[in-house]
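The lines below spell out each chain.
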Amino acid sequence: MESIASNLQAIHEQIDAACLKAGRDPAGVSLIAVSKTKPAALVREAFDAGQVEFGESYVQEFVQKSEDPVLENIPLKWHFVGHLQSNKIRMIIDRVALIHGIDRFSTAEELSRQAVKRNLHVEYLLEVNTSGEASKYGMPPAEVLPLSAALFSLPNITLRGLMTIASPDIAEAKREFRSLRILLDELRKLAPDPLKLSELSMGMSGDFTEAIEEGATMIRVGTAIFGWR
Ligand SMILES: *Cc1c(COP(=O)(O)O)cnc(C)c1O
């Protein structure tokens, strides 16, 4: 079995190669290590190998893991990448650097309410269903621009960009990544502070090099780092 450290090194080499191909600076792509279902000890192992940003998908598991003594006093950054329901926001709001999975206006509103109540400032991404598959979470792309003014006006939260989970078919996935980038460009034209709206969270173990070629600024990689779930 490959070690987490060597997996991370291999991924960084693939990130560098994809960036070279796309004429991009590798510093513009953040690797988020998705550690769902994996124990805190493996998160620690990845951190010790230089990985700082981690992603979790399930609220209960995330809360438990983030409190694990093995991660105490470790300056890692957590991303919540799963689908987030309004009633779970309170459990994660003060533990995360970025929330990727907001896909309804009502959830953004509740995030804002909870942030105001706690005097926090929270950054988030909108999850967009670029594949149109009914089984997937995410806001339909056509709803994003019409909602933008209302989203931008919510206090104590800042929309930093868009997130998607692409189709398994790689050619489809490329089209979906491109459509997300185009949607972000459109959204930026409507933003009061376009520079803040800079993130495209797209690409997982099977498609992150394609996502980078299409402009991903954050890739969410689990299996290729931690092994099969
Ligand atoms: C599990 C998960 C990932 C990582 O997927 P891999 O294929 O294991 O790399 C990325 N994003 C989200 C939202 C996930 O739930």
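The preceding data block contains the structure.
Residues numbered from 1 in each chain as written. Predicted model: local features only at pLDDT ≥ 70, side-chain atom pairs only at ≥ 80, totals over all residues. Heavy atoms only, no water.

### Some remarks on the side chain of Gln51
Tracing the backbone shows Gln51 in the loop between helix H2 (40–48) and strand E2 (53–56). Judged by its relative accessible area of 4%, Gln51 is buried. A distance of 2.7 Å separates a polar side-chain atom of Gln51 from the backbone oxygen of Glu53. Beyond its immediate chain neighbours, meaning those up to four positions away, Gln51 contacts Leu8, His12, Leu31, Ile32, Ala33 and Ala46. (Helix = DSSP H or I, 4+ residues; strand = E, 2+ residues; numbered from the N terminus. Buried < 20%, exposed > 50% of the residue type's maximum accessible area, 1.4 Å probe, protein only. Polar contact = N/O pair within 3.5 Å; in protein donor to acceptor, adjacent residues only side chain to side chain. Contact = heavy atoms within 4.5 Å.)

### Digging into the site of the ligand
Contacts to the ligand come from 13 residues, most closely from Lys36, Ser205, Gly222, Thr223 and Arg229. Thr223 places a polar side-chain atom, nitrogen or oxygen, 2.5 Å from an oxygen atom of the ligand. Within the side chain of Arg229, one N or O atom sits 2.8 Å away from an oxygen atom of the ligand. Bound to the protein, the ligand loses 88% of the 390 Å² it would expose on its own. Taken together, the residues that form the shell around the ligand break down as six nonpolar, four polar and three charged. (Near = heavy atom within 4 Å. Areas by Shrake-Rupley, 256 points an atom, 1.4 Å probe, with all protein chains shown as cover. Nonpolar A, V, L, I, M, F, W, Y, C, P; charged D, E, K, R; others polar.)

### A short note on the packing of aromatic side chains
Under the defined criterion, the tally for this structure stands at three aromatic pairs. Considering the side-chain rings of Phe54 and Trp78, the 6.0 Å spacing of their centres and the 55° angle between planes classify their relative orientation as tilted. Linking Phe54 in strand E2 with Trp78 in strand E3 (residues 77–80), this pair joins segments that are 24 residues apart in sequence. For the pair shown, Phe54 and Trp78 are each scored as buried. (Phe/Tyr/Trp six-rings, centres within 6.5 Å; stacked < 30°, edge-to-face > 60°.)

### Digging into the pairing of strand E5 (residues 122–127)
The buried count for E5 comes to five of six residues, which makes it a mostly enclosed element. Across two bridges, strand E4 (residues 98–102) lies against E5 in parallel orientation. Bridge assignment links Ile99 to a residue of E5, and that residue is Tyr124. Between the parallel elements E4 and E5, the chain passes through helix H5 (residues 105–117) in a crossover that is right-handed. Of the pairings in the sheet, the one linking E5 to strand E6 (residues 157–163) comprises six bridges and is parallel in character. The partner of Glu123 across the bridge, within E6, is Thr158. A crossover connection joins E5 to the parallel E6 through helix H6 (residues 141–152); in handedness this β-α-β unit is right-handed. (Pairing = 2+ DSSP bridges. Right-handed = clockwise from strand over helix to strand, strands pointing away.)

### What to know about the environment of Ile15
One can find Ile15 in helix H1 (residues 4–22). Ile15 gets classed as buried once you look at its relative accessible area, which sits at 2%. On a C-alpha basis, the gap between Ile15 and Ile219 in space is 9.6 Å, while along the polypeptide they are 204 residues apart. Setting aside its immediate chain neighbours within four residues, Ile15 contacts Val29, Leu31, Phe208, Ile212 and Ile219.

### A few points about the packing of H6 against helix H7 (residues 170–190)
Here H6 crosses H7 at 30°, and the two axes come no closer than 10 Å. Taken together, H6 and H7 sit at an angle that is classed as roughly parallel. For the element pair H6 and H7, the recorded crossing hand is right-handed. Here Pro141, Val144, Leu145, Ser148 and Phe152 of H6 lie close against H7, whose contacting residues are Leu183, Glu186, Leu187 and Leu190. Of the residues contributing to the contact of H6 with H7, the split by class is seven nonpolar, one polar and one charged. (Axes fitted to C-alpha atoms, helices over the stretch in contact; angles between N-to-C directions. Parallel < 35°, antiparallel > 145°, perpendicular 65-115°, else oblique. Left-handed = near helix turned anticlockwise from the far one by under 90°.)

### Side note on the side chain of Glu110
Relative to the assigned elements, Glu110 resides in helix H5. Within the structure, the side chain of Glu110 is placed 2.7 Å from the side chain of Gln114, a separation counted as a polar contact. In contact with Glu110, other than residues within four places in its own chain, are Ser86 and Ile89.

### Things to note about the environment of Gly138
The residue Gly138 is located in the loop between E5 and H6 in this model. Counting along the chain gives 81 residues from Gly138 to Ile219, while the straight-line C-alpha distance between them is 17 Å. Look past the residues within four positions of Gly138 in its chain and what remains in contact with it is Asp103, Glu127, Val128 and Asn129.

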